[in-house]
There are 2 protein chains.
Amino acid sequence: MRQYPRTLNILINELGKLPGIGEKMAQRLAFHILSITDREAENLSGAISNAKKSLRYCEVCGNLTDREKCRICEDESRETNVICVVESPQDVMAMERVREFRGRYHVLHGTISPMDGVGPNDLNLASLVIRLQAEPDVKELILATNPNIEGEATAMYIARLLKDTGIRITRLAHGLPIGGDLEYADEETLLKAIEGRREL
Amino acid sequence: MRQYPRTLNILINELGKLPGIGEKMAQRLAFHILSITDREAENLSGAISNAKKSLRYCEVCGNLTDREKCRICEDESRETNVICVVESPQDVMAMERVREFRGRYHVLHGTISPMDGVGPNDLNLASLVIRLQAEPDVKELILATNPNIEGEATAMYIARLLKDTGIRITRLAHGLPIGGDLEYADEETLLKAIEGRREL
């Protein structure tokens, strides 16, 4: 058992709840935090509080933002005729790094996953249907959910759901490694996937 | 370049300053923090602030404590005739886990390291000399600095400094792997090292 003072034990416990941080690493981080200046520690704890307080989801697309609309939805130079549907704000950033796609996004915040009890109604999907009615310019929807079982199932579900709208529905080409994670794809692979997108 | 909202960028930057946390890991942690409840995030940021505010060094030995004296210095069942000199509070905890040593500690908060501009005066060492004068019971000083160049040099320095006091000065046996780190030694190795300690 650890025999540290109480507040240090609490800090180690809290750090150990973070993903990928084990007991040894949590101790190492805690002692690092004790060794930095009060100002530096306040910067860290303040950054956590401020991020939680200020960040919300864009009311149009569901991307992360600290205003009402995200900077992509507010950018009038972006194309209005194509929307890329992704699982998470991280995936928006992965797409943006390629600098190929100039349309806008819709962030689902998850995928259909019956095993985890996540159905279509738990996703940011109803707002997409409403959005497509309000934005008649949209001619194409690129389904860029992850290339794994849940991502494929979600793409198929959305393709069926919007079949009768006349909107062209495409899927990123399988240049992406199956079972992988879009967020960590290298930019070249992702570029190939955008270029080779196919009709569903 | 990251194109996240400002407060998220700040959070990722702050997390990325922690040791062993790279850019990808910092992003992963930041998004994790956004996904937990406000209460959980407050627990984390509060634990950082509280640990910084409440923790200080024991006025006797320099160990971490949230009171004036650490729990080991306050424990009247501990032997008063032997002091174990270590580099850090983590090393105190490593020693305590073995349950072999029943004396008290003195924490140097570093080692002599001319390369890093750290000399004897930068360590918690003057207080050890004063402490030995105030505690005539002390018959033995175990030098348990790390088994690497700086730790050995520091042990030699302290041994020379206290040569004329008549106190027995010992060093942990080199069961410890050279170049290693006392904090991460397994308990068996550390036990062997305590048993085999030799006169300097």
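Residues numbered from 1 in each chain as written. Chains lettered and ligands numbered in written order. Predicted model: local features only at pLDDT ≥ 70, side-chain atom pairs only at ≥ 80, totals over all residues. Heavy atoms only, no water.

### Regarding the interface of chain A and chain B
Argument step 1. Every contact between the two is made by 52 residues of chain A and, on the other side, 52 residues of chain B.
Argument step 2. Taken over both partners, the interface formed by chain A and chain B buries close to 4800 Å², and the fraction arising from carbon and sulfur atoms is 65%.
Argument step 3. Together, Gln3(A), Ile48(A) and Lys52(A) form the three largest contributors to the area buried by chain A at its contact with chain B, with a combined 14%.
Argument step 4. Note that Lys52(B) is salt-bridged to Asp38(A), the shortest N-O span being 3.9 Å.
Argument step 5. Linking chain A with chain B are twelve residue pairs in polar contact (both at pLDDT 80 or more).
Argument step 6. Elements supplying a minimum of two residues to the side of chain A that touches chain B: α1 (6–16), α2 (23–35), α3 (38–54), β2 (64–65) and α5 (89–98) of chain A.
Argument step 7. A per-element tally of the side of chain A that touches chain B places α3(A) first, with 14 residues.
Argument step 8. Of the residues in the side of chain A that touches chain B, the class split is 25 nonpolar, 13 polar and 14 charged. (Contact = heavy atoms within 4.5 Å. Buried area = accessible area lost by both parts, 1.4 Å probe. Salt bridge = Lys/Arg side-chain N within 4 Å of Asp/Glu carboxyl O. Polar contact = N/O pair within 3.5 Å; in protein donor to acceptor, adjacent residues only side chain to side chain. Helix = DSSP H or I, 4+ residues; strand = E, 2+ residues; numbered from the N terminus. Nonpolar A, V, L, I, M, F, W, Y, C, P; charged D, E, K, R; others polar.)

### Here we look at the pairing of strand β4 (residues 104–107) of chain A
Argument step 1. Alternating residues of β4(A) divide into Arg104(A) and His106(A) and Tyr105(A) and Val107(A), and every residue in both groups is buried.
Argument step 2. This β-α-β element, strand β3 (residues 82–86) of chain A to α5(A) to β4(A), shows right-handed connectivity. (Buried < 20%, exposed > 50% of the residue type's maximum accessible area, 1.4 Å probe, protein only. Right-handed = clockwise from strand over helix to strand, strands pointing away.)

### Digging into the relation of the copies chain A and chain B
Argument step 1. When chain A is brought onto chain B, the operation consists of a screw motion whose angular component is 179° and whose axial shift is 0.0 Å, with 0.3 Å RMSD remaining. What the superposition gives is, in effect, a two-fold axis relating one chain to the other. Considering only C-alpha atoms, the part of chain A nearest the rotation axis is Ser45(A), at 2.1 Å. (Least-squares fit on C-alpha atoms with pLDDT ≥ 70 in both.)

### What to know about the pattern of salt bridges
Oppositely charged side chains are able to pair whenever their charged atoms sit close together.
Argument step 1. Enumeration over the complete set of coordinates arrives at 19 salt bridges over all chains.
Argument step 2. Where Glu14(B) meets Lys17(B), a salt bridge forms, and the shortest distance between an N and an O atom there is 3.0 Å.
Argument step 3. In this structure Lys17(B) comes out as exposed when scored by relative accessible area, which is 55%.
Argument step 4. When salt bridges that share partners are traced, they join Asp66(A), Arg67(A) and Glu74(A) into one network.

### A word on the nonpolar core
Argument step 1. Counting residues in hydrophobic clusters, the biggest one holds 92 residues, and the most contacted among them are Leu8(A), Leu15(A), Ile21(A), Leu172(A), Leu8(B), Leu15(B) and Ile21(B).
Argument step 2. Ignoring any residue separated from it by four or fewer positions in sequence, one finds Leu8(B) in contact with Leu55(A), Leu64(A), Ala30(B), Phe31(B) and Leu34(B). (Core = buried A, V, L, I, M, F, W, Y, C linked by side-chain atoms within 4.5 Å.)

### Some words on the confidence of the model for chain A
Residue and element names in this part refer to chain A.
Argument step 1. Averaged over every residue, the pLDDT of chain A is 90; the share at 70 or more is 96%.
Argument step 2. Per-element confidence in chain A ranges from a low mean pLDDT of 68 for strand β7 (residues 198–199) to a high of 96 for β4.
Argument step 3. Under the prediction, the complex receives an ipTM of 0.75, its pTM being 0.73. (pLDDT = per-residue confidence, 0-100.)

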